[in-house]
Every structure is written in C-alpha cells, then in structure tokens.
Amino acid sequence: MSLGHVVVVGGGNTAMDAARVALRAGAKSSTLVYRRTKKYMPADAEELELAVADGVRFLELVSPVEQKNGTLLCKRMKLGEPDASGRRVPVETGETVEINCDTVVSAVGEQVDTQFLTDNGIKLDNIGCPAFITNLEGVFCGGDVRRGPATVVECIADAQGFANQVLKTFRTSVNFPKDARSSREEAVAKRGILCESAKCEGERCLSCNVVCESCADVCPNRANISIEMPDGRREILHVDRMCNECGNCAVFCPYDSAPYREKFTLFHSKEDFDETEGNSGFLPLGGRKVLVRLGGEVFEADLDGENALPKDIECVVLTVFSRYGYLMG
Ligand code: SF4
Ligand code: SF4
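Every value quoted in this text rests on a predicted model; they were computed, and no experiment measured them. (Residues numbered from 1 in each chain as written. Chains lettered and ligands numbered in written order. Predicted model: local features only at pLDDT ≥ 70, side-chain atom pairs only at ≥ 80, totals over all residues. Heavy atoms only, no water.)

Asks: Teacher, can you tell me more about the overall build of the protein here?
Replies: If you tally the helices and strands in the protein, you get 11 helices and 13 strands. The long-range share in the protein, meaning contacts at least 24 apart out of those at least 6 apart in sequence, stands at 51%. In the structure as shown, the protein presents an accessible area of about 19100 Å², 51% of it carried by carbon and sulfur atoms. (Helix = DSSP H or I, 4+ residues; strand = E, 2+ residues; numbered from the N terminus. Contact = heavy atoms within 4.5 Å. Areas by Shrake-Rupley, 256 points an atom, 1.4 Å probe, with all protein chains shown as cover.)

Asks: Whenever I open this one, helix α1 (residues 13-24) confuses me. Can you help?
Replies: One turn of an α-helix holds 3.6 residues; hence residues three or four places apart share an orientation. Compared with the 16 Å implied by 1.5 Å per residue over 12 residues, the 17 Å span of α1 between its first and last C-alpha is a close match. Turning to α1, its buried residues are A15, M16, A19, R20 and A22. Projection of α1 onto a plane perpendicular to its axis shows the buried side chains occupying an angular sector of 155°, all on one side. In α1, the exposed residues that point more than 90 degrees away from the buried face are T14, V21 and R24. Contacts from the buried residues of α1 go to β1 (5-9), β2 (29-33), α2 (45-54) and β3 (57-59). The first or second residue beyond α1 is G26, which carries a positive phi of 100°. (Expected span 1.5 Å × (residues − 1). Buried < 20%, exposed > 50% of the residue type's maximum accessible area, 1.4 Å probe, protein only. Arc of directions from axis to C-beta.)

Asks: Looking at this structure, how should I read unusual backbone geometry?
Replies: It is generally the case that most residues other than glycine have a negative phi and that most peptide bonds are trans. Even without glycine at this site, N69 takes up a positive phi of about 50°. Its place among the elements puts N69 in the loop between β4 (62-68) and β5 (71-82). Residue classification places N69 among the exposed positions, given a relative accessible area of 75%. Despite not being glycine, R222 shows a phi value in the positive range, around 55°.

Asks: Teacher, can you tell me more about the state of the cysteines here?
Replies: Working definition: the covalent bond between the sulfur atoms of two cysteines is a disulfide. Under the defined criterion, the tally for this structure stands at 0 disulfides. You can see C74 has no disulfide; the closest cysteine sulfur is in C101, sitting 8.2 Å from it. C74 sits in the buried class, given a relative accessible area of 0%. For C101, a relative accessible area of 0% corresponds to the buried category. (Disulfide = S-S within 2.5 Å.)

Asks: How should the packing of α1 against α2 be read in this particular structure?
Replies: Each pair of packed helices gets described by two things: the angle between the helix axes and the distance between those axes. At a minimum axis separation of 9 Å, α1 and α2 run at an interaxial angle of 20°. Taken as axis vectors, α1 and α2 run roughly parallel relative to one another. For the pair α1 and α2, the sense of crossing is left-handed. Facing α1, whose interface residues are N13, M16, D17, R20, L23 and R24, α2 presents E47, L48, L50, A51 and D54. By residue class, the composition of the contact of α1 with α2 is 5 nonpolar, 1 polar and 5 charged. (Axes fitted to C-alpha atoms, helices over the stretch in contact; angles between N-to-C directions. Parallel < 35°, antiparallel > 145°, perpendicular 65-115°, else oblique. Left-handed = near helix turned anticlockwise from the far one by under 90°. Nonpolar A, V, L, I, M, F, W, Y, C, P; charged D, E, K, R; others polar.)

Asks: Where do I start with the confidence of the model for the protein in this structure?
Replies: Parts of the model with low pLDDT should not have their predicted coordinates read in detail. Averaged over every residue, the pLDDT of the protein is 84; the share at 70 or more is 86%. Across residues 187-205, confidence stays below pLDDT 50; counting only partners more than four residues off in sequence or on other chains, it has 24 contacts. (pLDDT = per-residue confidence, 0-100.)

Asks: Would you explain helix α11 (residues 311-323) in this entry?
Replies: Look at α11: 17 Å from first C-alpha to last across 13 residues, which is about the 18 Å you get at 1.5 Å a residue. If you check which residues of α11 are buried, you get I313, E314, C315, V316, V317, L318, T319, V320 and F321. Those residues of α11 that are buried lie in contact with β5, β6 (88-100), β8 (224-228), β9 (234-239), β11 (281-286) and β12 (289-294).

Asks: Sorry, what's going on with the pattern of salt bridges here?
Replies: Note on pairing: side chains with opposite charge can pair once their charged atoms come close. For the structure on display, the rule yields 13 salt bridges. Between D274 and K270 there is a salt bridge, with the nearest N and O atoms lying 2.9 Å from each other. With D274 and K270 both in helix α10 (residues 270-275), this residue pair falls 4 residues apart, about one helical turn. According to the relative accessible area criterion, K270 is partly exposed, its value standing at 44%. In the salt-bridge network here, residues are joined through shared partners; they are R20, R24 and D54. (Salt bridge = Lys/Arg side-chain N within 4 Å of Asp/Glu carboxyl O.)

Asks: How do you make sense of the side chain of T276 when you look at a structure like this?
Replies: Checked against the element boundaries, T276 lands in the loop between α10 and β11. There is a polar contact of 3.5 Å between the side chain of T276 and the side chain of D240. Apart from residues lying up to four places away in sequence, T276 is in contact with D240, F267 and R293. (Polar contact = N/O pair within 3.5 Å; in protein donor to acceptor, adjacent residues only side chain to side chain.)

Asks: Honestly, the sheet that holds β4 in this entry has me stumped. Any pointers?
Replies: Sheet strands pair via backbone hydrogen bonds, and the direction of the pair is either parallel or antiparallel. The sheet built from 3 strands is open, its strands ordered β4-β5-β6 with antiparallel pairing. Two strands lie at the open edges of the sheet, namely β4 and β6, each paired on one side alone. Averaged over all pairs of adjacent strands, the angle between their axes in this sheet comes to 15°, without regard to strand direction. Two strands pair when backbone bridges link them, and β5 and β6 are joined in this way by 9 bridges, in the antiparallel orientation. Across the sheet, T71 pairs through a bridge with N100, a residue of β6. Together, β5 and β6 form the strand contacts of α11, whose direction differs from that of β5 by roughly 65°. (Pairing = 2+ DSSP bridges.)

Quick look at the structure:
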C-alpha cells in the first residue's frame, strides 16, 4: 500500500515517531500538524530535533477538519491567553488551509474508556478518584483511569501510592528492607543538580517559592510580588523600580540567593533595564511587545506572534499582562 502524502496530527513523542516512521515506510512526504506552535508541543526537544533532521515538515497553528480527495482541510489558529496548564490556548482565526494528504495518522493521545467502570457501578468524577479509592469498598483505581495519560515516572509513583492505600485500607503493614529507601541526603547526592545551597538562577529557578515566599514577605517596599499563575502555582516577580537594594530579601532567602538580583524582573524604563544588567526580566515596549533579557541575552518578543521566549517565561509575562497590569503602570 502506498502511503502517499502523510499528515500526522499531534505534537507528542508518539506523533514524532509516527511522522518519522512514515518517511521510512516510503511516504512521499510526512507533515506534522499541530494547533499550537512548536514551543508548546509536549514532545521532548530531542525527539523534535530528530524529526526535523529526518525531513518531517511541521505545520504549526492548524487544526484538522476534514480529509477528502487527497487534501486535508485545516482551520488556521492563533495563540490566545494561557490556560490552566500554562499553555496558550489555540484560537480560531476564521481562515482555512488545505494540505496535500493521502493518509492521516492521529497521534493526539487516548481517552480512558470508562464504560467498563460504569457497567460495574464504579464512579469517577472528572479528575478521577482521590487517594486511589473508589465508591466501592475494596475497589481501587490508579494510573490513567485516575489521572489521565502521564509519564512512566508518574505511573511508578502512582503504583507506590496505590500500594500504600491498599495496605492502609486493609490495615496491613509490610516490613520493607532497610536499604529499600534512600535517605534525603543520598537522593540529593545522586542528583547533583539538586544542590540545595545553589543560588536561585533566575529563569531556571522560577519555582523556588514552592518552598517559601520569604522574599515577598520581608520586602519593606513590596518589590517582590508573589503572582498567581493560570495553573494556581505562584511565582515571585521582582519589580525593579520599587527596590532600593536594601538587601533584606537576600538575608532571609533560605537558598542563599539574592532575590532582588536573581528573580525575574519587571522594568519600567530602558535606562533601568540597561543599568540592572545582571537581572533577567522584561520591559514592556507598548502594545504586546516586550524587551527581554534572559541568561544575559537581550531580545524583543511579540506576545501575539512567534517569539523566542521559553514557555514558562512567556507564561509569567502574559500573566503579568493579564492579571497584574497595574504593576506595569
Ligand atoms: S526567598 Fe529565596 S527561595 Fe524564597 S521565594 Fe524568594 S528567592 Fe525563592
Ligand atoms: S533588596 Fe529590594 S526586593 Fe529585596 S527586600 Fe530590599 S527593597 Fe525589597
């Protein structure tokens, strides 16, 4: 069978594999269509690079509607505001595009078929059963049924939680061998990158405030703001013009960091931006454009178009625009 022109729908690792395999299987072309941009594809960067190297074409911001007569009709999309997951929502533009397409491969993830559960009187709400228990005594649930598609690591973690819940429910205990669990120190030693006393490194350490928000609490000038992200997490934003560099936040930071120099910073003038050159941060330029400094590199970014912002940073900037606009005034 000739595959002809193949279009793979999706942006995960499976989609990358399918698109690459299509070329190896003799497809005339292999195009991957995705309704957001590459930056938001859930695929690992390495998988994406391998697909590009193999000659897979990428068509971003399109959403398939119908395939017939050798073409795939797609809606053109644009990026909207971030959703609860922090990814920008694809929004229809009203335009369409047609792509050469003889074979469509769907790689957009799977839903759990819950009919089996319903037939057996097991109820799940839309986030699944908390604590691995169900409405039926002695019936537990875990894995995809409970949380939806996830990684192998989360699956392994679920298995442990699941086992603990079963043991707790039946009041059974197990004597684990002493060496079955590593200590906190052993775990940290194994993972060099978890060096606890390392400095907060701006964009790399966006979420240090999972541990604390001390720098926001102790600042007498309210120059460190704890902002709420669309997914409910909080990030610390440093507001340059409010800071008089008293150093208080550096004294209280448990990570031996100087938050006023290392947290992602909102600037109000080009002069301040240039002066405080150690800080990663952004300066609103008017409209939806910002000047950004990240890892020492300075560049302009258009929040309504393609830009070079990493998605976490872009989400912080968009959140400031949408929820904390008063800070920019
Ligand atoms: S005090 Fe330090 S660790 Fe705590 S949120 Fe601020 S920068 Fe992060
Ligand atoms: S150095 Fe700046 S951010 Fe830190 S406590 Fe002082 S005024 Fe606040």
